[in-house]
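# Coordinate inspection notes
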Amino acid sequence: MERIKSEQLVEAFLNGLSADLSKALGGEMDVIAIFTPMTQPWDDLLRLAIEDLDELNQDQVASGTPAPNRLAVVLETTGGYIETVERMVRAMRQHYEEVIFIIPNYAYSAGTVLALSGDDILMDYHSILGPIDPQYGSGNGDYVPGMGYLAKYNELVQKINAAPDASQVRAEISYLVEKFDPGKLFHIEQAIEHSKSLLKEWLPKYKFKNWTSRSQTGDLVTEEDRQERAYRVAEVLGDAHRWHSHGRGITCDDLGSEEIKLKINNYGTNADLKKYVRNYRDLLVDYMGKRSWPAAIHTKQGFRNS
């Protein structure tokens, strides 16, 4: 008789919690947890996990059971590269007509862009997104916020330009020459603009697709209205001076404010759904910690790790 391992029991229980969450969301929905940075090879591993789910779903179709065309993504990430996010979204949309994002804790930077690619976003009072602030590798394995790098560069340039005599800003000039790479500056600027352009494409196409009338006046909403709202959301979330910090938390109340006007569903008002989200997320984090996994992707077919 084969001995049962504790890992098998925990992973079976996680699968049960994932199924409970799917039912609480209306059923006929695949669930995937992405607790990773937005960096390679996680885009490749996500694609493989989704293709495995699709293969399982096609087997269901062959046996007469409809395949889910909806995906719920439980997301927790510190961010990363916008190119990775774009590939992740492409993999999800290749196989699912509807994708919703659940943020139990946080999704920063490029993770915010990923969440805003969804047809819906579920948060509670504890959940936070972050400013659109793509990161870059510092060379020592760490990731540094791009907007901070860009803001410091602009601050030094303004100080140097405002000085009546170059001799008064020798230290600043020396620091600028030594510390700042023009190629890196260009890459950061392009990454921020790329993030904004994706939001301007994805928000009208997915999040705003059912926004047909204004809640206060009842006036019809045009495609131009959706584009304008997407532009506003992208510009506000991409404003470094507005948020001051890469790690600044943007709550569901912030997102729904008059400044941003982004409708977020507060799952905290649904006691059962809140329980299922937290149970799944908390056990997943605890299990990853005990196995010393800094990141992982989980579906009902198991884990993917780099």
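Refer to the structure above for everything that follows.
Since the model is a prediction, treat every value here as computed from it, not as a measurement.

### Focus: the overall build of the protein chain
When helices and strands are tallied, the protein chain shows 11 helices and 11 strands. Relative to the 2.2 N^0.38 estimate, which gives 19 Å for 306 residues, the radius of gyration of the protein chain is 22 Å and therefore close to what a compact globule would have. Judged by the C-alpha coordinates and their principal axes, the protein chain covers about 80 × 60 × 35 Å. Per-residue burial for the protein chain yields a buried fraction of 46% across its 306 residues. Counting only carbon and sulfur atoms, one obtains 48% of the accessible surface of the protein chain, whose full area is about 15600 Å². Distance from the positive charge centre (34 side chains) to the negative charge centre (45 side chains) of the protein chain: 3 Å.

### Regarding the pattern of salt bridges
Taken as a whole and assessed by the stated rule, the structure comprises 19 salt bridges. As a salt-bridge pair, glutamate 51 and arginine 47 come within 3.5 Å of each other at their nearest N and O atoms. Of the two residues, glutamate 51 and arginine 47 are both situated in helix 2 (residues 42-62); the distance of four residues between them amounts to about one turn of the helix.

### A short note on the packing of helix 3 (residues 82-95) against helix 7 (residues 182-207)
Relative orientation of the contacting elements helix 3 and helix 7 amounts to 25°, with a least axis distance of 10 Å. The angle between the axes of helix 3 and helix 7 places the two elements in the roughly parallel class. Crossing angle aside, the handedness with which helix 3 passes helix 7 is left-handed. In contact with Ile82, Glu83, Val85, Glu86, Val89 and Arg93 of helix 3, helix 7 contributes His187, Ala191, His194, Ser195, Leu198, Trp202 and Tyr206. When grouped by side-chain class, the residues that make up the contact of helix 3 with helix 7 number seven nonpolar, three polar and three charged.

### Overview of the packing of helix 2 against helix 3
Orientation of helix 2 relative to helix 3, taken along the N-to-C sense of each, is 5°, at an axis distance of 9 Å. If you check the angle between helix 2 and helix 3, you find them roughly parallel. In this structure, helix 2 uses Trp42, Asp43, Asp44, Leu46, Arg47, Ile50, Glu51 and Asp54 to contact helix 3, whose residues at the interface are Thr84, Arg87, Met88, Ala91, Met92 and His95. For the contact of helix 2 with helix 3, the class distribution of residues is six nonpolar, two polar and six charged.

### Re the sheet that holds strand 1 (residues 30-35)
Read from one edge of the open sheet, seven strands run 9-5-3-2-1-10-11, paired in mixed fashion. Whereas interior strands pair on both sides, the edge strands pair on one side only; in this sheet they are strand 9 (265-266) and strand 11 (302-304). Alignment of strand 10 (residues 296-299) against strand 11, held across three bridges, turns out to be antiparallel. What sits directly across from threonine 299, in strand 11, is glycine 302. In the packing of helix 2 onto the sheet, the strands contacted are strand 1, strand 10 and strand 11, and the crossing angle to strand 10 comes to about 10°.

### Focus: the side chain of aspartate 120
Along the polypeptide, aspartate 120 turns up in strand 5 (residues 120-123). Of the polar contacts made by the side chain of aspartate 120, one reaches the side chain of asparagine 265; its length is 2.5 Å. Setting aside anything within four residues of it in sequence, one finds aspartate 120 in contact with Val99, Ile100, Phe101, Lys207 and Asn265.

### Concerning the packing of aromatic side chains
All chains considered together, the criterion is met by five aromatic pairs. Taking 5.6 Å as the distance between ring centres and 40° as the angle between the ring planes, the aromatic pair formed by tyrosine 287 and phenylalanine 303 counts as tilted. Linking tyrosine 287 in helix 11 (residues 271-290) with phenylalanine 303 in strand 11, this pair joins segments that are 16 residues apart in sequence. Assigned by exposure class, tyrosine 287 and phenylalanine 303 land together as buried. Members of the aromatic cluster, each reached through a chain of ring pairs, are Tyr287, Trp293 and Phe303. The ring of tyrosine 206 has arginine 93 sitting right over it, with the charged end atom 3.5 Å from the ring centre.

What counts, and at which threshold
Within each chain, residues carry numbers counting from 1 in the order of the written sequence. Reporting in this predicted model follows two pLDDT cut-offs: at least 70 for local features of residues, and 80 or more for side-chain atom pairs to be given and counted; totals over whole chains, interfaces and linings ignore these cut-offs and use all residues. Hydrogens and water molecules were not included; the side-chain quantities draw on all heavy atoms of the structure. Each helix is a run of H or I in the DSSP string that is no shorter than four residues. Each strand is a run of E no shorter than two, and both are numbered from the N terminus. We compute the radius of gyration over the C-alpha atoms and compare it with the globule rule, which gives 2.2 Å times the number of residues raised to the power 0.38. Each residue gets one of three labels from its accessible area relative to the maximum for its type: buried under 20%, exposed over 50%, partly exposed in between, using a 1.4 Å probe on protein chains only. With residues, only the protein chains shown are counted as cover, and all accessible areas are computed by Shrake-Rupley using a 1.4 Å probe. In this tally Asp and Glu are treated as negative and Lys and Arg as positive; neither His nor the chain ends contributes. Every charge is mapped onto a representative atom, which is NZ of Lys, CZ of Arg, CG of Asp or CD of Glu. One side-chain nitrogen of Lys or Arg within 4 Å of one carboxyl oxygen of Asp or Glu is enough to make a salt bridge. Inter-axis angles, ranging from 0 to 180 degrees, are taken between N-to-C directions of lines fitted to C-alpha atoms, where helices are fitted over the stretch in contact. Note on angle classes: values under 35 degrees are labelled roughly parallel, values over 145 roughly antiparallel, values of 65 to 115 roughly perpendicular, and the remainder oblique. The handedness criterion is simple: a crossing whose near helix is rotated anticlockwise from the far helix by less than a right angle is left-handed, and one whose near helix is rotated clockwise is right-handed. What makes two residues a contact is simply this: any of their non-hydrogen atoms within 4.5 Å. Only Asp, Glu, Lys and Arg are considered charged, only Ala, Val, Leu, Ile, Met, Phe, Trp, Tyr, Cys and Pro nonpolar, and every remaining residue, Gly among them, polar. In this analysis, strands are considered paired if DSSP registers two or more bridges between them. Throughout this description, a polar contact denotes any pair of N or O atoms lying within 3.5 Å of each other; where both atoms belong to protein, one of them has to be capable of donating a hydrogen while the other can accept it, and for residues adjacent in sequence the pair is counted only when both atoms sit in side chains. When the centres of two rings from Phe, Tyr and Trp lie within 6.5 Å, Trp using its six-membered ring, the rings pair. Their planes under 30 degrees apart give stacked, over 60 give edge-to-face, and anything left gives tilted. Only when the NZ of Lys or the CZ of Arg is both within 6 Å of the ring centre and within 35 degrees of the ring normal is a charge said to sit over the ring.

By themselves, these are just geometric observations and shouldn't be taken as functional.
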